[in-house]
Amino acid sequence: MKLYLTLLLCSLPALSQEPLPLKEAVRLALEKHPAMEASAARIKAAESRVEQARSGKLPHVNYTESWARSNNPVFVFGSLLTQHQFTEKNFAIGPLNRPDFLNNFQSQVTVDQMIYDARQSKSQIQSAGLGKSIANEDSRLTAQNLIANVVRFYYGSVLAAESLKVAKEAVRSAEADRQRATSVLAAGMSTEADVLSIQVHLAAMREQEIRRAQELEVALASLNDALGLPLDTKRDLTTPLTSAASSAAPAVDLAKNALEQRPEARQLRLATQLAETQVDAARGAMLPQVFVRAAFEADRERFVTRGGANWLVSAGVKWNLFNGFADRARIAEATESAHATRAQGRQLTSGIELQLKNAQAHATSAKQRIEVARATVTMAEESLRITKNRFESGLATVTDLLRTETALLETKTRLLAAVYDERLAATALELAAGALTPDSQVLN
């Protein structure tokens, strides 16, 4: 009994809980959930790759500082020249063959600029830009899936709360039946067995209430996880579990919109462009590249004195004539990758159309189930009312009473499940069409 009271009290909303409508829950999830943080980080990483690719068109400047000490004749001869310290005595055969040790502190600044690289830099910039666009679409996909999850867990929590209410109503009704059976027994129109049967039924309803309270606790924790909040966060869910508005768009328009707007479809189109760009880059690697280089060098015997400086400007051509067929293999790889992404696009088109059909079928089925369940609940309530009156008059058995009680509980539960399924189907339809956003009508 204590466990029952504890679970019952825990299931009641705290007075201090903040209201949380569905749209606010979606906004919280998009702001707090780690998945969105990870998506934002991937977009920033893609932006950094774009900057890296752009650096290929800019000059590369390097500074080098080195120190060397040797008595190698060639080293000493060359260092004396670059230090502007060479004199006539250095031509003496003895010092020329066996010079003393010499220090050389060398400072060098080089500037390398690619003049023509057969579109390699341009291809890298295009590839990085496409990678950023793919990351943006991945973020959209993450957001849409996150919204769908929030809807599922939000309405799952509301369903659990409504199911708990139904279970509590069943307990109250069973308690009234027990009092009613006791009165009938006192009037001599029933037996002790009837009262015991109702006691067993009441215990079963209380067990249902305890189970529903536990399900509500787990559902709320799952919702908090979907929102990226601590699992024990308490909020008052204010959006009711009601039937969703039907989509006004024809099936053909939904399919067209899905093929244009779905993040997966956009990603595949971008991946195809990326593969084609990589094919161009692989072919360009076989063309010549033209570059220039400028260098300024200072060589000193001591770190700050006794030195000289020189500069150099050069230009060159680099042409990959043969590298073991690696370029040909790279072109073949990129070509096949492009072919694979185009084939995946055809497969995705079929998959999107199937998802739309499935979501539409589930939405239609759920709406029909709602209509049937509502009518059934009305009939079950009326049947229970009549059966209670007949039982009090001794015209119905306790079995009839318990059967109608159970039937009403089951029909109310089926109605709630049908509305829940219809809400999820409407959300799945928006998701399949690529139109699920924080402002979608399905969240109202």
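For the structure, see preceding data.
The paragraphs below set out a description of the structure included in this document. (Residues numbered from 1 in each chain as written. Predicted model: local features only at pLDDT ≥ 70, side-chain atom pairs only at ≥ 80, totals over all residues. Heavy atoms only, no water.)

Counting its secondary structure elements, the chain contains eleven helices and six strands. On C-alpha atoms alone, the chain measures out to a radius of gyration of 39 Å, which is more than a quarter above the 22 Å that the 2.2 N^0.38 rule sets for 444 residues. In the chain, of all internal contacts separated by at least 6 residues, the share reaching a separation of at least 24 is 83%. As displayed, the chain offers around 25100 Å² of accessible surface, 58% of which is attributable to carbon and sulfur atoms. Side-chain charges in the chain split into 52 positive and 49 negative, and the spacing between the mean points of these groups amounts to 4 Å. (Helix = DSSP H or I, 4+ residues; strand = E, 2+ residues; numbered from the N terminus. Rg over C-alpha atoms; globule rule 2.2 N^0.38 Å. Contact = heavy atoms within 4.5 Å. Areas by Shrake-Rupley, 256 points an atom, 1.4 Å probe, with all protein chains shown as cover. Lys, Arg positive; Asp, Glu negative; His and termini not counted. Charge placed at Lys NZ, Arg CZ, Asp CG, Glu CD.)

This brings us to the packing of aromatic side chains. Geometry of an aromatic ring pair is reported as the spacing of the ring centres plus the angle between the planes. Under the criterion given, the structure shown has six aromatic pairs. Judged by centre distance (6.5 Å) and plane angle (40 degrees), the ring pair of Trp67 and Phe105 falls under tilted. Linking Trp67 in strand β2 (residues 60–70) with Phe105 in strand β3 (residues 102–116), this pair joins segments that are 38 residues apart in sequence. Looking at Phe105, the relative accessible area reads 18%, which means it is buried. Here Phe105 and Phe303 contribute two aromatic rings whose centre-to-centre distance is 5.6 Å and whose plane-to-plane angle is 85 degrees, an arrangement assigned as edge-to-face. Of this pair, Phe105 sits in strand β3 while Phe303 sits in the loop between β5 (289–300) and β6 (307–318), placing them 198 residues apart in sequence. Taking relative accessible area as the criterion, Phe303 reaches 48% and is therefore assigned partly exposed. The rings of Trp67, Phe105 and Phe303 are connected pair by pair, giving a single aromatic cluster. Here Arg152 stacks its cationic end above the ring of Phe153, 4.4 Å away from the centre of that ring. Positioned above the aromatic ring of Phe303 is the side chain of Arg300, whose terminal nitrogen or guanidinium carbon lies 5.4 Å from the ring centre. (Phe/Tyr/Trp six-rings, centres within 6.5 Å; stacked < 30°, edge-to-face > 60°. Buried < 20%, exposed > 50% of the residue type's maximum accessible area, 1.4 Å probe, protein only. Lys NZ or Arg CZ within 6 Å of the ring centre and 35° of its normal.)

In any sheet, the strands associate via hydrogen bonds between backbone groups, in a parallel or an antiparallel arrangement. Taking strand neighbours across the sheet as the criterion, the four strands line up as β2-β3-β5-β6 in an open arrangement whose pairing is antiparallel. With one partner strand each, in any of the chains shown, β2 and β6 form the two edges of the open sheet. Adjacent strand axes in the sheet meet at a mean angle of 20 degrees when their direction is disregarded. Strand direction decides the pairing type here: β5 and β6, joined by twelve bridges, are antiparallel. Paired with Asp299 across the strands is Gly308, a residue of β6. (Pairing = 2+ DSSP bridges. Axes fitted to C-alpha atoms, helices over the stretch in contact; angles between N-to-C directions.)

In the structure shown here, the tally under the stated rule is 25 salt bridges. Between Arg27 and Glu31 there is a salt bridge, with its nearest N and O atoms 2.6 Å apart. Of this pair, Arg27 and Glu31 both sit in helix α2 (residues 22–32), separated by four residues, roughly a single helical turn. Residue Glu31 is classed as partly exposed on the basis of its relative accessible area, which comes to 48%. For the salt bridge of Glu51 with Arg54, the shortest nitrogen-to-oxygen distance reads 3.0 Å. With Glu51 and Arg54 both in helix α3 (residues 34–54) and three residues apart, this pair spans about one turn of that helix. Judged by its relative accessible area of 44%, Arg54 falls in the partly exposed class. Salt bridges sharing common partners tie together Glu24, Arg27, Glu31 and Lys32. (Salt bridge = Lys/Arg side-chain N within 4 Å of Asp/Glu carboxyl O.)

This next bit is on the side chain of Thr272. Position of Thr272 relative to the elements: it lies in helix α9 (residues 263–284). In this structure, Thr272 is in contact with Thr341 and Arg342, ignoring residues within four places of it in sequence.

The terminal C-alpha atoms of α3, which comprises 21 residues, lie 31 Å apart, in line with the 30 Å expected from a rise of 1.5 Å per residue. Those residues of α3 lying buried are Met36, Ser39, Ile43, Ala46, Val50 and Ala53. Each buried residue of α3 sits inside an arc of 90 degrees when the element is viewed along its axis, so together they form one side. In α3, those exposed residues whose orientation departs by more than 90 degrees from the buried face are Glu37, Lys44 and Gln52. Taken together, the buried residues of α3 touch α2 and α6 (120–186). (Expected span 1.5 Å × (residues − 1). Arc of directions from axis to C-beta.)

Further remarks concern a nonpolar patch on the surface. Taken together, Val61, Tyr63, Val109, Phe296, Trp311 and Val313 make up a surface patch of nonpolar side chains, about 690 Å² in accessible area. Secondary structure elements with two or more residues in the nonpolar patch: β2 and β6. Looking at the element boundaries, Trp311 is found in strand β6. (Patch = residues over 30% accessible without salt bridge, like charges linked within 9 Å, V, L, I, M, F, W, Y side chains within 5 Å.)

Let us now look at unusual backbone geometry. Of note, the phi angle at His84 is positive, near 60 degrees, even though the residue is not glycine. Summarising the element assignment, His84 is placed in the loop between α4 (73–82) and α5 (93–97). One non-glycine residue, Ala118, adopts positive backbone phi at about 55 degrees.

A separate point is the nonpolar core. In this structure, Leu22, Val150, Tyr154, Tyr155, Leu227, Leu241 and Leu443 are the most contacted members of the largest nonpolar core, which totals 43 residues. Within the residue set of this core, elements represented by two or more residues are α2, α6, α7 (192–227), α10 (326–392) and α11 (398–432). A per-element tally of this core places α6 first, with 14 residues. In terms of nonpolar packing, the next biggest core, distinct from the first, is built from twelve residues, Leu384, Val398, Leu401 and Leu408 among them. (Core = buried A, V, L, I, M, F, W, Y, C linked by side-chain atoms within 4.5 Å.)

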